Amino acid sequence: MAGEEIVPFKVDIPKEEFERLKRKLRDTRLPPKEIVPDAGSRYGPTYEWAANLLRVWRDDYDWYPFQAQMNSQPHFHTTLDNVKIHFVHARSPRPDAIPLIMVHGWPGSFYEFSQVWNPLSHPTDASQPAFHVVVPSLPGFAFSDWPPRAGWTLQDTAGLFDKLMKRLGYQRYMIQTGDWGHWIGRELGSKYTESCKLVHFNFAPSPLPEWVEYTKREKEVQSRVDDWLENHMGYAVCMRTRPHTIGFGFNDNPMGILTWVGEKYNEAADPEKQKRPYWTDCILTTASLYYFTDCIMPSMLCYYENVRHENFASFAMEEHNRITVPFGYTSFYWDTEPSSKRAVERTGNLVYYKERNDGGHYAALEDPEGIIEDVRELAAQEWKHS
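Residues numbered from 1 in each chain as written. Predicted model: local features only at pLDDT ≥ 70, side-chain atom pairs only at ≥ 80, totals over all residues. Heavy atoms only, no water.

Q: Mind laying out the layout of surface pockets, listing which residues take part and the relevant values?
A: Reported here for the largest pocket is a volume of approximately 640 Å³. Within the residue set of the lining of the largest pocket, elements represented by two or more residues are α2 (47–59) and α10 (254–267). If you tally residues by element for the lining of the largest pocket, the top one is α10, at 7 residues. Here the residues of the lining of the largest pocket are counted per class, giving 11 nonpolar, 9 polar and 5 charged. The computed volume of the second largest pocket comes to approximately 260 Å³. Taken together, 20 residues make up the lining of the second largest pocket; nearest its centre are Ser206, Pro207, Gln222, Val225 and Ala313. Of all the secondary structure elements, the ones that give two or more residues to the lining of the second largest pocket are α7 (216–231) and α13 (312–317). (1 Å grid on protein atoms, 1.4 Å probe; cavity = no way out; pocket = protein on both sides within 12 Å on 5 of 7 lines; lining within 4 Å. Points joined across faces, edges and corners; volume = space filled by probe spheres on them. Helix = DSSP H or I, 4+ residues; strand = E, 2+ residues; numbered from the N terminus. Nonpolar A, V, L, I, M, F, W, Y, C, P; charged D, E, K, R; others polar.)

What follows is the structure, encoded as structure tokens:
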């Protein structure tokens, strides 16, 4: 890894920036009350939820322990096709380690994988597979450059990430991903098959076959998909039509970022996991990262430039998007658009499937042990054949 192409980097937010954030939070005025009496969650997050997060962020939250956690593995920058990409590189000491790229979505970041990059690269049990874990920031997120032009798609990002892995010396690799990263994984697993040899998803929108009797779980997860598309798409419509409007308003507005980003951590996660103080930390750290790096506006380009949510399943079915390398899928019940084996296997070479009922959209944060287990199982089953 030595050389001018790959430059060491460290997350190091100046104290003055953190103090500026705290000043802005102290100066924040919430509306005097909820929009109508007994509004509850019908109009968005509850008033109590927003007020409590503001109070904790303003009075109790300390960025620096989480910054230290981010820096528990080395960070780097490298420039590919004139786009500077930030990434974490958790190399394993094991000579048989499998190269693994893990890709986030929105409103995520590289921080999503902070609970898994150490266990995956340094397993305590020598009989378990080990991985060289690479966690990049998507263009437009955190410490990566913004997309360089209009019309930049996730398929363009897939090409960059394939080049990233090869620059790191990994001619063959595995990918684990969800959310918008699904389309990066699908692109790599369908068109970059000389290098991307194995894929694992925790988000895989796919259509169930017609004219079949659904199982109880299939009915339940399809109901969740229908509810998400019918009742929770307001944010996506805004971002895929007016990212400048929201971006100008939110960029230097911590509370705006917190409610816009935090709402999705409220809606798309396992309700039981949300009750833990840990989940509050996840929301506030993610909102802080978006604020410190000025990325709330460019992060919205995923929505503006790519396939719309209501077309996800049909897009996955298009022949050119069919995954030909072996792939696995873990269906988390509390995901925004959870799928089923009979649906996902229609979109490619599905060789591994598992259902988990105690996690949601942010699988590596909500159920790190589950993601670690599933990645290890899939790799143990398939990598030797790749």
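Structure shown, so let's carry the discussion forward.
Q: Quick one: what's the story with the UniProt feature "active site" (unreviewed entry) in the protein chain, residue by residue and with numbers?
A: Here the UniProt feature "active site" (unreviewed entry) sits at Asp179, Tyr303 and His361. Within the secondary structure layout, Asp179 lies in the loop between β6 (173–177) and α6 (181–191). Dropping the residues within four chain positions of it, Asp179 is found in contact with Gly105, Trp106, Phe203 and His361. Among the secondary structure elements, His361 is positioned in the loop between β9 (348–360) and α15 (363–366). Judged by relative accessible area, His361 falls into the buried class, the value being 7%. Setting aside residues no more than four positions away along its own chain, His361 makes contact with Asp179, Asn202, Phe203, Ala268, Trp334, Asp335, Thr336 and Glu366. (UniProt positions renumbered as here; feature names shortened; annotations may be inferred. Contact = heavy atoms within 4.5 Å. Buried < 20%, exposed > 50% of the residue type's maximum accessible area, 1.4 Å probe, protein only.)

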